[in-house]
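Residue-level structural notes
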Amino acid sequence: MSTTLTEKPRTGQAAVKPGLLHGLTWLVLRQHRTTTWIVVALVVLGAGAIVYERGEMADMLAGLGWPDKDVSLTTSPRSYDYIAEALGALPVVLAVFIGAPLIASDQEHGTAQLVTTQSVPRRRWLAAKLAWCLSLVLLSTLVLSTLFFWWWEPYRDLLLSEWLSGSVFDNTGPMLVALSLFLTISGIAIGMLLRRVLPAMLATFLFALVVQVAWGEFRGRLATPRLITWPLNADTPGIVNSSSVVETDRWVGTADGQLYGWGICAEPTEKATNACIKDHGIVNNVVEYFGYDQMPGMQWTGAALLLGGTAAVAVFVLWWASRRPL
């Protein structure tokens, strides 16, 4: 008697639950895995450098007796200046080397044309690439900006850097993130329009330089400056010479509020100077300034403008790609 072994028929298989990294997300990450790891490595190195150099500076100041003793540094530590300059250049680097080639590389090598023939909609593919790129930029700059502020803020009175200068204002708070996102998405748009990597990188570099120069001029318009007035021959108020104050202009004025340039009565003799002061009715010193307490509001105002520009350019990229051949 023989028996036949039969396999129990399978009525079904357990459904595989897709995780976060699957499908299009996995494809984009795999395509850009080298860039991702390079950025992660640079962020780790940068974070380590900030933590180490802050510790070194803290030990140096402790050796000089700070904060129990007044310490005056003639120059900022070189490591601080180098890191501040590197962070200032970071938005340009991200825009040129990550933003500009993102779509231009696919267009130049024909990958974009291949993708548009697949089942994945073009806009979804593009949105996935934008999400990867902008998320990478956001997280990396957020980490470095937070650590740099952690270094600068406790020692801001010693580091000889005005808080309204680009090396501080643009590297702390939301500014580094917002500026990096705006320049990166602009680089993506430039690359998409030019369709070639090297021209796109060059154009993005020039565009980023123009934006940073213009931003430096615009930075002082993010809030209304304050005025402080005191009698002409009285001692200068302590707030005027405080590190928390960034002086933007200085005048002399009359009792009714008319202002004159600081050197209007710079005559060769004291008698002539006094006569000029009397003739013009000058009785006050007037200084225009920004206070340190205005910094967060100015940063968030600037960041809101840049993030609005980022959103507008991202919408343009998606709109253009959905109506024009890649």
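In short, a report on the structure. (Residues numbered from 1 in each chain as written. Predicted model: local features only at pLDDT ≥ 70, side-chain atom pairs only at ≥ 80, totals over all residues. Heavy atoms only, no water.)

1. So, the state of the cysteines
Stated precisely, the cut-off is as follows: A pair of sulfur atoms, both from cysteines and within 2.5 Å, is called a disulfide here. By definition, any uninterrupted DSSP run of H or I lasting at least four residues is a helix, any uninterrupted run of E lasting at least two residues is a strand, and each is numbered from the N terminus. Relative accessibility thresholds used throughout: buried, under 20% of the residue-type maximum; exposed, over 50%; partly exposed, between the two (1.4 Å probe, protein chains only).
Taken as a whole, this structure holds 1 disulfide when the rule is applied. Residue C265 pairs covalently with C276 via a disulfide, S to S 2.1 Å. Around the S-S axis, the bridge from C265 to C276 shows a dihedral of about -70° and counts as left-handed. Here C265, found in the loop between β3 (259–261) and α9 (270–280), pairs with C276, found in helix α9; they are 11 residues apart in sequence, far enough to count as distant. Neither residue differs from the other here; C265 and C276 are each classed as buried.

2. What about the packing of helix α5 (residues 122–152) against helix α7 (residues 175–194)?
Definition in use: Whenever a helix is involved, its axis is fitted only over the stretch in contact; in every case the axis is a line through C-alpha atoms, and angles between N-to-C directions fall within 0 to 180 degrees. Small angles under 35 degrees read as roughly parallel and large ones over 145 as roughly antiparallel, with 65 to 115 read as roughly perpendicular and the rest as oblique. Helix crossings fall into two classes, left-handed where the near helix is turned counterclockwise from the far one by less than a right angle and right-handed where it is turned clockwise. Every residue pair with non-hydrogen atoms within 4.5 Å of one another is taken to be in contact. Put simply, Ala, Val, Leu, Ile, Met, Phe, Trp, Tyr, Cys and Pro go in the nonpolar bin, Asp, Glu, Lys and Arg in the charged bin, and everything else, Gly too, in the polar bin.
The contact between α5 and α7 brings their axes to 9 Å, and the two run at 155°. The angle between α5 and α7 places the two elements in the roughly antiparallel class. Seen from above, α5 lies across α7 with right-handed handedness. Residue-level contacts link L130, C133, L134, V137, L138, T141, L142 and S145 of α5 to L176, V177, S180, L181, T184, I185 and I188 of α7. The residue inventory of the contact of α5 with α7, partitioned by class, reads 11 nonpolar, 4 polar and no charged.

3. A look at the pairing of strand β4 (residues 282–291)
Heads up, the rule is: By this definition, two strands are paired if DSSP reports at least two bridges between them.
Burial runs high along β4: 9 of the 10 residues are buried. Both strand β1 (residues 226–231) and β4 contribute to a ladder of 6 bridges, which runs antiparallel. When the bridges of β4 are listed, L227 appears paired with E288. For strand β2 (residues 245–254) and β4, the ladder comprises 9 bridges, and the chain directions are antiparallel. Across the sheet, the residue bridging to V252 is N285, located in β4.

4. So, the layout of surface pockets
Heads up, the rule is: In this analysis, the protein atoms alone were mapped onto a 1 Å grid. Cavities are point sets where a 1.4 Å probe fits without being able to get out; pockets are open sets with protein on both sides within 12 Å along at least five of seven lines; lining residues have an atom within 4 Å of a point. Grid points are joined across faces, edges and corners, and a volume is the space filled by probe spheres set on the points.
Considering only enclosed or pocket space, the largest pocket measures out at about 460 Å³ in volume. For the lining of the largest pocket, the secondary structure elements donating two or more residues are α2 (33–63), α3 (78–109) and α5.

5. A look at a nonpolar patch on the surface
Spelled out, the test is: Like charges within 9 Å and nonpolar side chains (Val, Leu, Ile, Met, Phe, Trp, Tyr) within 5 Å are joined into patches, using only residues over 30% in relative accessible area that form no salt bridge. Areas reported as accessible are Shrake-Rupley estimates using a 1.4 Å probe. Residue values count occlusion only from the protein chains shown. We define a salt bridge as a contact between a side-chain nitrogen of Lys or Arg and a carboxyl oxygen of Asp or Glu at a distance within 4 Å.
Residues L202, F205, L206 and L209 make up a contiguous nonpolar surface patch of about 360 Å² in total accessible area. In this fold, F205 is placed in helix α8 (residues 197–218).

6. Structural notes on the pattern of salt bridges
This structure, assessed with the given rule, holds 5 salt bridges. Two residues, D293 and R226, come together in a salt bridge whose shortest N-O distance is 2.7 Å. Linking D293 in the loop between β4 and α10 (295–323) with R226 in strand β1, this pair joins segments that are 67 residues apart in sequence. Taking relative accessible area as the criterion, R226 reaches 31% and is therefore assigned partly exposed.

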